[in-house]
Amino acid sequence: MRFAMKMFLAATGLMASCVGAVAAEPTYQGQFVQGGIVFGQTEPGSSILLDGKPIDTIGPDGAFILGFPRDYDGPAKLTLRKADGAVEEYAYDIGDREFDIQRIDGLPPKMVTPDPEVMERIRDDSRQAREARVERFTQEFYKNGFIWPVLGPISGVYGSQRILNGEPRAPHWGVDIAVPTGTQVVAPADGIVTLVHPDMYFSGATLFIDHGLGMVSAFLHLSEIDVKVGDVVRQGDPIAKVGASGRATGPHLDWRINVGDARVDAALLVPPMEDAQKAAKVKASN
């Protein structure tokens with residue numbers, strides 16, 4: 001399995017215990033941390049529970065993905081039921097992270113505390129987003145790795161507590177890249193387009209790409225969307241253009257990742273922005 005991020009590590013230094021029959025532990029790539037994404041591999045035909053809840057989508061080869069939310073308090077308890085009926089249990093420590101506080105002032109009051117009459121629209125936006133994540137694809141598009149969908153200054157990070165016009169609100173779930181309106185956005189990884197919406201209340205023009213096994217990228221505040229639902233895209237394909245639609249104080253791309261219902265940190269999938277920009281300059285000069 002190849003990933004763009006050199007920081008990706010196997011699950012070393014973790015507490016792992018097997019209960020029951022002696023068997024090979026699943027292998028992992030990723031980070032067992034709050035907001036972390038872990039790519040696992042076990043025997044084909046296995047079923048998996050994380051903290052007692054089934055992982056809905058497992059690849060035919062036994063591949064699976066774990067996502068740990070921002071405030072996840074480990075250890076993560078993994079239960080595997082093999083095809084022969086053998087049950088194995090493992091526990092993994094989850095690293096704590098510190099998250100920034102981000103203050104955003106100057107937003108229109110209705111974008112901070114929406115009027116009652118727009119709540120119906122917001123609920124419908126949420127419904128469409130949920131439904132776009134319901135269908136799970138067993139194709140493992142993510143295995144070709146991830147790149148940044150756009151290069152530029154990072155203006156917002158995952159997990160930061162947002163204080164909007166002085167009022168505490170939900171944490172920020174994406175990574176923001178501040179670039180001009182019209183900047184080309186490319187697919188960070190292979191996948192299938194599952195949602196194209198021209199104007200959601202908060203996120204504006206919004207695009208979802210499913211990378212397989214319940215892993216979905218969302219791209220928010222776009223000015224244009226260049227693909228349609230059902231399109232299969234490959235890493236680096238043009239998919240949209242940056243904008244400032246929805247609740248935004250200026251043009252930027254907000255890139256988010258979900259693993260099932262877990263909102264995780266997209267920045268953990270790619271190299272540091274500075275390294276990616278340097279590599280792009282070297283490539284352009286050759």
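Residues numbered from 1 in each chain as written. Predicted model: local features only at pLDDT ≥ 70, side-chain atom pairs only at ≥ 80, totals over all residues. Heavy atoms only, no water.

This part takes up the overall build of the chain. For the chain, the count of helices and strands is 3 helices and 20 strands. For 286 residues, the compact-globule formula gives about 19 Å, and the C-alpha radius of gyration of the chain, at 19 Å, lands near that figure. Along the longest, intermediate and shortest principal axes, the C-alpha atoms of the chain span 60 × 55 × 35 Å. Classification of the 286 residues of the chain by burial places 49% in the buried group. In the chain, once contacts between residues fewer than 6 apart in sequence are set aside, the share between residues at least 24 apart is 70%. Of the roughly 13,400 Å² of accessible surface on the chain, 53% is carried by carbon and sulfur atoms. For the chain, the distance from the average position of its 28 positive side-chain charges to the average position of its 37 negative side-chain charges is 3 Å. (Helix = DSSP H or I, 4+ residues; strand = E, 2+ residues; numbered from the N terminus. Rg over C-alpha atoms; globule rule 2.2 N^0.38 Å. Buried < 20%, exposed > 50% of the residue type's maximum accessible area, 1.4 Å probe, protein only. Contact = heavy atoms within 4.5 Å. Areas by Shrake-Rupley, 256 points an atom, 1.4 Å probe, with all protein chains shown as cover. Lys, Arg positive; Asp, Glu negative; His and termini not counted. Charge placed at Lys NZ, Arg CZ, Asp CG, Glu CD.)

Burial runs high along strand β19 (residues 253-259): 6 of the 7 residues are buried. Across 3 bridges, the pairing between strand β12 (residues 175-177) and β19 is antiparallel. Note on β19: the bridge partner recorded for isoleucine 177 is leucine 253. Both strand β16 (residues 215-225) and β19 contribute to a ladder of 6 bridges, which runs antiparallel. Looking across to β19, one finds that alanine 218 is bridged to arginine 256. Inspection of the sheet shows β19 paired to strand β20 (residues 262-264) by 3 bridges, in the antiparallel sense. Counted as the bridge partner of asparagine 258 is arginine 263 from β20. Between β19 and β20, which pair antiparallel and follow one another directly, the connecting turn spans 2 residues, one of which, glycine 260, has a positive phi of 60 degrees. (Pairing = 2+ DSSP bridges.)

The next thing to look at is the UniProt feature "domain: M23ase beta-sheet core" (unreviewed entry) in the chain. The sites that UniProt annotates as "domain: M23ase beta-sheet core" (unreviewed entry) are residues 171-265. End C-alpha to end C-alpha, residues 171-265 measures 12 Å, and it is 0% helix and 56% strand. (UniProt positions renumbered as here; feature names shortened; annotations may be inferred.)

Moving on, we come to the packing of aromatic side chains. Any two aromatic rings considered together are summarised by their centre-to-centre distance and by the angle between their planes. Under the defined criterion, the tally for this structure stands at 12 aromatic pairs. Aromatic pair tyrosine 28 and tyrosine 92: ring centres 5.1 Å apart, planes at 80 degrees, arrangement edge-to-face. Taken together, the residues span a long stretch of sequence, with tyrosine 28 in strand β1 (residues 27-30) and tyrosine 92 in strand β7 (residues 87-92) at a distance of 64 residues. Summarising the burial analysis for this pair, tyrosine 28 and tyrosine 92 share the class buried. With centroids separated by 6.0 Å and ring planes inclined at 65 degrees, the aromatic side chains of tryptophan 148 and tryptophan 255 adopt a geometry described as edge-to-face. In this pair, tryptophan 148 sits in the loop between α2 (119-132) and β9 (154-156) while tryptophan 255 sits in strand β19, placing the two residues 107 residues apart along the sequence. A relative accessible area of 0% means that tryptophan 255 is categorised as buried. Ring pairs connect the aromatic residues Tyr28, Phe32, Phe64, Phe68, Tyr72, Tyr90 and Tyr92, which therefore count as one cluster. (Phe/Tyr/Trp six-rings, centres within 6.5 Å; stacked < 30°, edge-to-face > 60°.)

The step from glycine 74 to proline 75 runs through a cis peptide bond, and the omega angle for that step is 5 degrees. Tracing the backbone shows proline 75 in the loop between β5 (63-67) and β6 (76-81). Backbone geometry at asparagine 165 places phi at a positive 50 degrees, although glycine is not the residue there. Tracing the backbone through its elements, the reader meets asparagine 165 in the loop between β10 (161-164) and β11 (167-168). Overall, the relative accessible area of 29% leaves asparagine 165 in the partly exposed class.

This part covers the side chain of histidine 211. Mapped onto the secondary structure, histidine 211 falls in strand β15 (residues 204-212). A distance of 2.7 Å separates a polar atom in the side chain of histidine 211 from a polar atom in the side chain of serine 217. Non-local contacts of histidine 211, meaning those with residues more than four positions away in its chain, are made with Gln139, Glu140, Phe141, Tyr142, Phe146, Pro188, Ala189, Asp190, Gly191, Val216 and Ser217. (Polar contact = N/O pair within 3.5 Å; in protein donor to acceptor, adjacent residues only side chain to side chain.)

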